[in-house]
Amino acid sequence: MKEKVYVLDASGIIGGFISSKHINITNSAVISEIKDLKSQMIVESALKEGTLFIEEPDSDSLNTIQNEIEKSGDVLRLSEVDKELVALALTLKKKHDPIVVTDDYSIQNILKILQIPYKSVLTQGINEVYGWIKICRGCRKKYPANYPEDECEICGSNVYSKRIKK
């Protein structure tokens, strides 16, 4: 049986989650997002005590995540830090049983698609998987989430993103 590890997003750390029973892992990009002094002190203390470790995702996992978020439409919603965090969980899945600790709904969405468990700290979390499409405000033509233009190719009206259930 694989060992359970918690993969911590900045929201998890800021929300005060660091498990004392299991290994906690994050990456350097998440650490760089921690700006408040209290959370910085918690991170520093956990690193010294050996209850928090910093690891980076492998390139295969980063590529897999990029492909998945382009398919799901989350590509426009996830930052580089978010992608690296999800890729870290995917990397760790090879040897461990990761649970990502995050309140970010877009991260939770891609984790649900990848079947990687997650835990919220300060929010309820998502219940369903969502995708994204773009819709023209004028003629209502639907475009894929990665449609690069701000205007409809048919009528020239603005297009907007809309969440859809998968």
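Whatever comes next refers back to the structure up there.
Now for a look at the structure at hand. All of these numbers come straight from a predicted model, not from anything done at the bench.

1. Points about helix α6 (residues 105–114)
- With seven of 10 residues buried, α6 lies mostly within the body of the structure.
- When α6 is considered as a whole, its buried residues turn out to be Ser-106, Ile-107, Gln-108, Asn-109, Ile-110, Leu-111 and Leu-114.
- The backbone nitrogen of Ser-106 has a side-chain oxygen 2.8 Å away, supplied by the residue at the start of α6, namely Asp-104.
- Looking one or two residues past α6, Gln-115 carries a phi angle of roughly 60°, positive in sign.

2. As for the nonpolar core
- Within the largest apolar cluster, 33 residues are counted, with the highest numbers of intra-cluster contacts made by Val-7, Leu-8, Ile-65, Val-86, Val-100 and Ile-116.
- Looking at this core, the elements with two or more residues in it are β1 (3–8), α1 (10–14), α2 (28–33), α3 (37–49), α4 (59–72), α5 (80–92), β4 (96–101) and α6.
- In terms of residue count, α5 provides more of this core than any other element does, eight residues in total.
- Excluding residues that lie within four positions of it along the chain, Leu-8 makes contacts with Ile-13, Phe-17, Ile-18, Asn-24, Ile-25, Thr-26, Val-30, Leu-52, Leu-85 and Val-101.
- Within the second largest apolar cluster, five residues are counted, among which are Cys-136, Tyr-147, Cys-152 and Val-159.

3. Thoughts on a positive patch on the surface
- A cluster of basic side chains, namely Arg-137, Arg-140, Lys-142 and Lys-162, defines a positive patch on the protein surface.
- Note on Arg-140: relative accessible area 47%, which makes it partly exposed.

Rules of the game
- Residues numbered from 1 in each chain as written.
- Predicted model: local features only at pLDDT ≥ 70, side-chain atom pairs only at ≥ 80, totals over all residues.
- Heavy atoms only, no water.
- Buried < 20%, exposed > 50% of the residue type's maximum accessible area, 1.4 Å probe, protein only.
- Helix = DSSP H or I, 4+ residues; strand = E, 2+ residues; numbered from the N terminus.
- Polar contact = N/O pair within 3.5 Å; in protein donor to acceptor, adjacent residues only side chain to side chain.
- Core = buried A, V, L, I, M, F, W, Y, C linked by side-chain atoms within 4.5 Å.
- Contact = heavy atoms within 4.5 Å.
- Patch = residues over 30% accessible without salt bridge, like charges linked within 9 Å, V, L, I, M, F, W, Y side chains within 5 Å.
- Areas by Shrake-Rupley, 256 points an atom, 1.4 Å probe, with all protein chains shown as cover.
- Salt bridge = Lys/Arg side-chain N within 4 Å of Asp/Glu carboxyl O.
- Lys, Arg positive; Asp, Glu negative; His and termini not counted.
- Charge placed at Lys NZ, Arg CZ, Asp CG, Glu CD.

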